[in-house]
Amino acid sequence: TGGSSAGSSAAVSLGIVPAALGSDTGDSVRKPASLCGIVGYKPTWGLISRYGLFPFASSLDHIGVLTRNVKDAATVVDDIKGKDREDMTSLDYDKSLVVGIDKDISSKKLFYIKEIADIDSYDNPSEEVTNTLKEFKETLEKIKSLGVEIDEVSFDKKLLDAIYPTYICISCAEATSNFSNLTGIIFGPRGEGDTVDEMMKDHRTRGFSPLIKRRFVIGSYVLQRENQEKYYLNACRVRRLIISKMNKLFEKYDGLILPASGKGADLIEGEHDVITKDEQILENHLAIGNFGGYPSITIPYGFTSNMPIGLNITGKVLDDANVLNIAYKIEEILPYKNQIGKGAK
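Because the structure is predicted, anything quoted here is derived from the model rather than measured. (Residues numbered from 1 in each chain as written. Predicted model: local features only at pLDDT ≥ 70, side-chain atom pairs only at ≥ 80, totals over all residues. Heavy atoms only, no water.)

**Here's the deal with the overall build of the protein**
Moving on, step 1. What the protein contains, in helices and strands, is 13 helices and eight strands.
Moving on, step 2. Here the C-alpha atoms of the protein give a radius of gyration of 20 Å, agreeing with the 20 Å that 2.2 N^0.38 yields for 345 residues.
Moving on, step 3. Structurally, the protein occupies a C-alpha span of about 70 × 45 × 45 Å along its principal axes.
Moving on, step 4. Here the protein holds 345 residues, and the buried ones make up 52% of them.
Moving on, step 5. A sequence separation of at least 24 residues applies to 74% of the contacts in the protein between residues at least 6 apart.
Moving on, step 6. Surface accessibility of the protein: about 16,600 Å² in total, with carbon and sulfur atoms responsible for 52%.
Moving on, step 7. Charged side chains in the protein number 42 positive and 48 negative. The centres of these two groups are separated by 3 Å. (Helix = DSSP H or I, 4+ residues; strand = E, 2+ residues; numbered from the N terminus. Rg over C-alpha atoms; globule rule 2.2 N^0.38 Å. Buried < 20%, exposed > 50% of the residue type's maximum accessible area, 1.4 Å probe, protein only. Contact = heavy atoms within 4.5 Å. Areas by Shrake-Rupley, 256 points an atom, 1.4 Å probe, with all protein chains shown as cover. Lys, Arg positive; Asp, Glu negative; His and termini not counted. Charge placed at Lys NZ, Arg CZ, Asp CG, Glu CD.)

This is the structure in structure tokens:
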């Protein structure tokens, strides 16, 4: 079910719990929500305290919630948001997210990115992507019936192609720094060896999975003095370019609307489709919400190959109430609110 909050998402989808917390550094609340047919909401960065969260990439990490409808997501965040003296990045935000969530949205303006949502942007799109984008365009027409204006906007393709490598460079660098205390000496299972270096090497060799090792190797590499300018600092510059472009668009529009993923969940067993290079943007664009700390929510909007797919709405910083209002009214005209996945009792 995708992402680091997959367990929380599956539990909500199966009806085991009505709501669950998750962490979202690149898409890991909103993508699992899409694949499980539920709601995944990542508030503005700092709206929910991260005290107690194991950090991955501190400038990208968000706490989010998973529920089966938009109002539940707003209710949960209303209860847990706000300033926390244990987290200096938390925000003093006392505006209710539930009050006014059902307001009329006929004056709202949304945009989608042509290079992501237009099937002609893909050289050889898979059947899954074709179905996802077809369903997306049909859903946009339903949303327009609410009086919402939706425009197609072109975005620099080079910046879109750079989303994933930018995320990898920044997140791995920050993770390497955050987890430098995992030495196998000061706490946890102790590494074996005659020297400090040998103990650390043994601990990290036996204690880290291949994925984690790869991330730490990348993070260490991009932070090396001779590589910082080319990789890490350039990634930070690209992040700033993307944020600047988005902030400019948010001066005119209330939100960005796009499919949350290009396909439904993969089966645990069996062959996995390979994501082609030109489909990677569709799979990775949710990281924009983390780059800018924007409020971002995924709601279910259909199925492809009998698997659920989600619709994502992202708005400007601290405009959470507006984003939730739009998502709530769209949810009302779609037949997927409060659905419970197969296997639930």
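There is more to say after this.
**Notes on the layout of surface pockets**
To find leftover empty space, one rolls a probe the size of a water molecule over the atoms.
Moving on, step 1. The calculated volume of the largest pocket comes to roughly 1,000 Å³.
Moving on, step 2. If you trace the largest pocket, you find 35 residues lining it, with Gly-3, Asp-27, Ser-28, Lys-31 and Arg-215 closest to the centre.
Moving on, step 3. Of all the elements in the fold, those that place two or more residues in the lining of the largest pocket are α2 (30-36), α7 (163-178), α9 (210-223) and α11 (280-284).
Moving on, step 4. The biggest single contributor to the lining of the largest pocket is α7, with six residues.
Moving on, step 5. Taken together, the residues that form the lining of the largest pocket break down as 14 nonpolar, 13 polar and eight charged. (1 Å grid on protein atoms, 1.4 Å probe; cavity = no way out; pocket = protein on both sides within 12 Å on 5 of 7 lines; lining within 4 Å. Points joined across faces, edges and corners; volume = space filled by probe spheres on them. Nonpolar A, V, L, I, M, F, W, Y, C, P; charged D, E, K, R; others polar.)

**Points about helix α10 (residues 228-250)**
Moving on, step 1. Taking 1.5 Å as the rise per residue, α10 with 23 residues should run 33 Å; its terminal C-alpha atoms sit 31 Å apart, in good agreement.
Moving on, step 2. Of all the bends found along α10, the most pronounced is centred on Asn-234 and spans about 30°. (Expected span 1.5 Å × (residues − 1). Bend = angle between axes of the 7 residues up to and from the residue.)

Scope: geometric values only; no functional claims are made or implied.
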